[in-house]
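Secondary and tertiary structure notes
What follows is each chain in one-letter form.
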Amino acid sequence: MSGAAIAVAADVSVRTRHLGLFAIRLHAAAGGEDRPGLSVIYKAGDDPSSHVAVLDSVKGVPFLRTALGEDDFGKGYGTFQIVDHDFYLSTRQTIDSFTASSAQPTLDPTVTIAGVIPSEQSPAPIPYSITFTSPSPHQLRFVVNLNDPEKRFTKVFLTFSSSLDERIFGLGEQFTHFDLKGKKVPIMSREDGVGRGKQPTTFFANTVFGKDAGGDDVSAYKPVPHITTNRLRSVFLENSDYSLFDLTARDRITIKVASPRVVVNVLKGKSPLHLIEQYTEFSGRMKGLPSWVVEGVILGIQGGESKVAGVVERALAAGVPLTGVWLQDWCGKREQQILGRILKRLWWNWENDDVLYPNWPEFVGGLFRKHKVRTLSYVNTFVADVSTGKPTYRRNLYKEALDQNFLVRDATGQNPLRINSGPNFQAGLVDLFNPAAQDWLKKALVDIFSVEGVSGYMADFGEFLPPGAVLTSGKVATTADHNLYTEVWTKLQEDVLKTVKSPDDKLIFHRSGFTKSPGLASAFWTGDQLVDWDEYDGIKAGLLGVLSSGLSGFSLNHTDVGGYSGLALEYFGRKFGNFRTKELLLRWMELNAFGVVFRSHEGSAPDNNAQPYDDEESLKHLAFCGKIFQSLADYKTGLISEAVRLGYPVVRHLYLHFHHDPEAAKLNRQFLLGPHLLVAPVLDPSTDKVRVYLPALPEGRRWLSVYDLKPADVPSYPSRVTSAAPLGRPVVFVDEAARDLESLKKFFSVIQSHK
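Residues numbered from 1 in each chain as written. Predicted model: local features only at pLDDT ≥ 70, side-chain atom pairs only at ≥ 80, totals over all residues. Heavy atoms only, no water.

**Re unusual backbone geometry**
A cis amide bond links Tyr 717 with the next residue in sequence, Pro 718, at an omega value of 0 degrees. Here the phi dihedral of Tyr 88 falls at roughly 55 degrees; this positive angle occurs in a residue that is not glycine. A positive phi angle, near 60 degrees, is found at Leu 232, a position not held by glycine. Among the structural elements, Leu 232 can be located in the loop between strand E15 (226–229) and strand E16 (233–237). Given a relative accessible area of 12%, Leu 232 falls into the buried group. (Helix = DSSP H or I, 4+ residues; strand = E, 2+ residues; numbered from the N terminus. Buried < 20%, exposed > 50% of the residue type's maximum accessible area, 1.4 Å probe, protein only.)

**A look at the nonpolar core**
Soluble, globular proteins show a tendency: their nonpolar side chains are buried together. Core analysis: the largest hydrophobic core is formed by 151 residues, its most contacted members being Leu 289, Trp 348, Trp 350, Phe 594, Leu 677 and Phe 747. Considering every element that reaches this core, the biggest residue donor is helix H10 (residues 616–631), with seven residues. Grouped together as the second largest cluster of nonpolar side chains are 53 residues, Val 54, Phe 142, Val 144 and Val 264 included. (Core = buried A, V, L, I, M, F, W, Y, C linked by side-chain atoms within 4.5 Å.)

**Structural notes on the side chain of Glu 602**
Relative to the assigned elements, Glu 602 resides in the loop between helix H9 (582–592) and H10. A distance of 3.3 Å separates the side chain of Glu 602 from the side chain of Lys 307, its partner in a polar contact. With near-sequence residues (within four places) excluded, Glu 602 lies in contact with Gly 300, Ile 301, Gln 302, Lys 307, Arg 580, Asn 609, Gln 611 and Tyr 613. (Polar contact = N/O pair within 3.5 Å; in protein donor to acceptor, adjacent residues only side chain to side chain. Contact = heavy atoms within 4.5 Å.)

**Considerations on the environment of Val 561**
Its location among the elements puts Val 561 in the loop between strand E31 (557–558) and strand E32 (568–571). A relative accessible area of 1% places Val 561 in the buried class. Along the primary structure Val 561 and His 601 are separated by 40 residues, whereas in three dimensions their C-alpha atoms are 6.1 Å apart. When sequence neighbours within four positions are dropped, the list of residues in contact with Val 561 reads Arg 580, Leu 585, Trp 588, Met 589, Asn 592, Phe 598, Arg 599, Ser 600 and His 601.

**Here's the deal with the sheet that holds strand E3 (residues 22–27)**
With respect to topology, four strands assemble into an open sheet ordered E2-E3-E4-E5, the strand pairing being antiparallel. A strand with exactly one partner marks an edge of an open sheet, and here the two such strands are strand E2 (16–19) and strand E5 (51–56). With direction set aside, neighbouring strand axes in the sheet form an average angle of 25 degrees. Pairing of E3 with strand E4 (residues 37–43), which is carried by six bridges, proceeds in the antiparallel orientation. Each residue of the ladder has a partner; that of Ile 24, found in E4, is Val 40. (Pairing = 2+ DSSP bridges. Axes fitted to C-alpha atoms, helices over the stretch in contact; angles between N-to-C directions.)

**Observations concerning helix H2 (residues 272–283)**
Side chains of residues three or four places apart in an α-helix project in the same direction, reflecting 3.6 residues per turn. With twelve residues, H2 ought to run about 16 Å at 1.5 Å a step, and its terminal C-alpha atoms sit 16 Å apart, in line with that. When you tally the buried positions in H2, you get nine out of twelve residues, the bulk of the element. Within H2, the full set of buried residues consists of Pro 272, Leu 273, His 274, Leu 275, Ile 276, Gln 278, Tyr 279, Thr 280 and Ser 283. Gly 284, located one to two residues past H2, shows a positive phi value of around 95 degrees. (Expected span 1.5 Å × (residues − 1).)

**Thoughts on the pattern of salt bridges**
Side chains that differ in charge, positive against negative, can pair when their charged atoms come close. Across all of its chains, the model carries 45 salt bridges by this definition. Residues Lys 256 and Asp 71 are paired through a salt bridge, measuring 3.0 Å at the closest nitrogen-oxygen approach. Of this pair, Lys 256 sits in strand E18 (residues 252–257) while Asp 71 sits in the loop between strand E6 (64–65) and strand E7 (93–95); the two residues are 185 residues apart in sequence, bridging distant segments of the chain. No difference in accessibility class separates Lys 256 from Asp 71, as the two residues are buried. For Glu 736, the salt bridge identified is with Arg 702, shortest N-O distance 2.6 Å. Of this pair, Glu 736 sits in the loop between strand E40 (731–735) and helix H12 (745–753) while Arg 702 sits in the loop between strand E37 (689–694) and strand E38 (703–705), placing them 34 residues apart in sequence. Given the relative accessible area of 36%, Arg 702 is considered partly exposed. Salt bridges linked by common partners bring Asp 71, Asp 84, Asp 86, Lys 155 and Lys 256 together as one network. (Salt bridge = Lys/Arg side-chain N within 4 Å of Asp/Glu carboxyl O.)

**Overview of helix H6 (residues 435–448)**
The terminal C-alpha atoms of H6 lie 20 Å apart, and with 14 residues this matches the ideal 20 Å at 1.5 Å per residue to within 8%. Turning to H6, the residues buried within the fold contact strand E24 (374–379), strand E25 (382–383), helix H5 (397–403), strand E28 (454–459) and helix H7 (479–498). For H6, the N-terminal cap is Asn 434; the gap from its side-chain oxygen to the backbone nitrogen of Ala 436 is 2.9 Å.

**What to know about the sheet that holds strand E29 (residues 507–510)**
Strand order in the open sheet formed by seven strands is E20-E21-E24-E28-E29-E30-E31, and the pairing between neighbours is parallel. Two strands in the sheet have a free side with no partner beyond their single neighbour: strand E20 (297–300) and E31. By the bridge criterion, four bridges tie E28 to E29 in an arrangement that is parallel. The partner of Gly 456 across the bridge, within E29, is Leu 507. Packed onto the sheet, helix H4 (residues 360–371) meets strand E21 (322–326), E24 and E28 and runs at close to 135 degrees relative to E24.

**So, the packing of H6 against H7**
Closest axis-to-axis distance for the H6/H7 pair is 10 Å, and the angle between their directions is 55 degrees. Looking at the two axes, H6 sits oblique to H7. Helix-helix and strand crossings are classified by hand; for H6 and H7 the assignment is right-handed. Touching Gln 438, Leu 441, Lys 442, Leu 445 and Val 446 of H6 are Val 488, Trp 489, Leu 492, Gln 493, Asp 495 and Val 496, all from H7. (Parallel < 35°, antiparallel > 145°, perpendicular 65-115°, else oblique. Left-handed = near helix turned anticlockwise from the far one by under 90°.)

**A closer look at the environment of Val 235**
Tracing the sequence through the fold places Val 235 in strand E16. The sequence separation of Val 235 and Asn 608 amounts to 373 residues, and the corresponding C-alpha distance is 45 Å. Discounting chain neighbours no more than four positions away, the residues touching Val 235 are Phe 160, Pro 225, His 226, Ile 227, Ile 255, Val 264, Asn 265 and Val 266.

**So, the packing of H10 against H12**
Helix-helix packing is characterised by the crossing angle of the two axes and by the distance between the axes. For the pair H10 and H12, interaxial distance at closest approach is 8 Å and the crossing angle is 160 degrees. Here H10 lies roughly antiparallel to H12, going by the angle between them. As H10 packs across H12, the resulting crossing turns out to be left-handed. Counting all contacts with H10, which are made through Lys 627, Ile 628 and Ser 631, the residues of H12 involved are Lys 746, Phe 747, Val 750 and Ile 751. Here the residues of the contact of H10 with H12 are counted per class, giving four nonpolar, one polar and two charged. (Nonpolar A, V, L, I, M, F, W, Y, C, P; charged D, E, K, R; others polar.)

Now the structure itself:
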């Protein structure tokens, strides 16, 4: 057998096979070729100059490899410190046959490559096959089957070339990097972490909540095995198994999948939006939002009926266009002491709390009847044993689930898995793969909607099923089960809505997700950002999470106004750590005024944080930002319709419309709302100006300031400009072509009349 990385058998005489617009070509060292390998060519037209390689093997490297080893996902729940164990990675492969299912010379319904992978750790070479099809004109699909008779080699490594100037985006919701070239990204849904590298916050999180609770720069609630690049190609997996996208080498992309069967799709597009449209045909497209959501503010409040009623009255009196309140403590509050501070957590038992909300139906119904203010509550995938400390309760869902064998068990299979969420906070995880457990939980969630005025809830978590845990069926959970759990959780909410009255008028928003989650949901949020300004885990990270996730189908995503996570300490009258300042809160309001959902959060330690209702100035600013948000309802309704039909995100990275401009892909602190509005929020403290990049518009069109509809004062485009951005004057430009757009007239009127 040849010692070359790829050896093509001498009797493989046909070297090119065609599948629609794709040509699959084998290269061999003979005949003047300088390297054996594989290329996949996309033929945009008859002219050879329009033919481009969408996959190309790397010189001296097999495009298919395998290895031994069991990856380690740690003992943390939800955080998952991942350690890849890849031993004896193979270095050679053969191509022994290259066949087609049809003898037609120009159109082959399927093409199959077969050969073996030699390994010194295997008594015989390991057979493999790769079968290609072309389901649509711009799509190539191939299935890799690794057939080790001893079932020891069960990992697949695929390697293909990347040009030095190729920029790589995607992989679901990413908070730190938009361009992922040079990074190694694991595809495993997990807590994004508290701090994500920001110190000392990350150290404190790891110390208090458990090892790796701080996360890292690629931790993600919604990782998706899907990349898209500035070469206008996308590559995605159909697998749910753990995978690793290794983008560290400048000249190649290596994808590892912990499965002997891997399904890969390659897309070629005309533009980034065209690629999103094609990709979301597979992933599914989001379902759209109830009309009331885009018409005003959803105010996050905790503290019980009296406090909520008072805040609502004050907000309405201040002119806030209030359409909803989000009462996450509807199920009861429990306090958790950490580093001498009190965090306000929840009792995970899905019924209203008799202490905070003793008149729940009357109270919630009254808010709706009197003010047309809807109520959102909170649920997650866990149940806590309320008998351990909750003063009053009617049902103990933990005990019900335990008695009916509805809880996931630990690795021994003998005991319920105990999820630890910090000191003195444990809960059980419902086995959503058990149909009876699903039905039981669904009934509890449906009951929430039996109260007039309840119009939805936050569907939290979904990332906690650990590989190695035992399901109620006796099956040991795999990494595929772990990632699929997030989709099953989202699907359960879809099923809940099918059984309630007026489902299209309800809002359920999700934190976790995987490949098919977008097609099951109407809204997502970016999870738990720090109450901070930083790019690791603060306001900047939240914005990037929205922008990056839109490339993988999460078209209707939003952040908590003000963030959530805070680890604040107080010594000798001084505060240290993370606490929300008033300035941060007001700037975050301005950011979300140009989003799809305007919803505030009190945060994990409300007493440490500035709140929208703290004073009249804050309420006045909330009213202003809420009115901006409301004035864009008609415009956003059109964009939401586009998201439902085509998968386009409403809030967009500039790269999506200006991919020919290399600067556009670098801009993570400004964004587009649809194709027409360019928004440059203030994301740093103590500043009243912002630097804006204005890309060149087609046909010589200009960017206009929304305050006077006059052109930006620049000599040409593209250009950078410094714009004044005092509080209450967010920096926004509009494409000259949209100055007379009917759906923007209310927005222009509101923002131009504000003093």
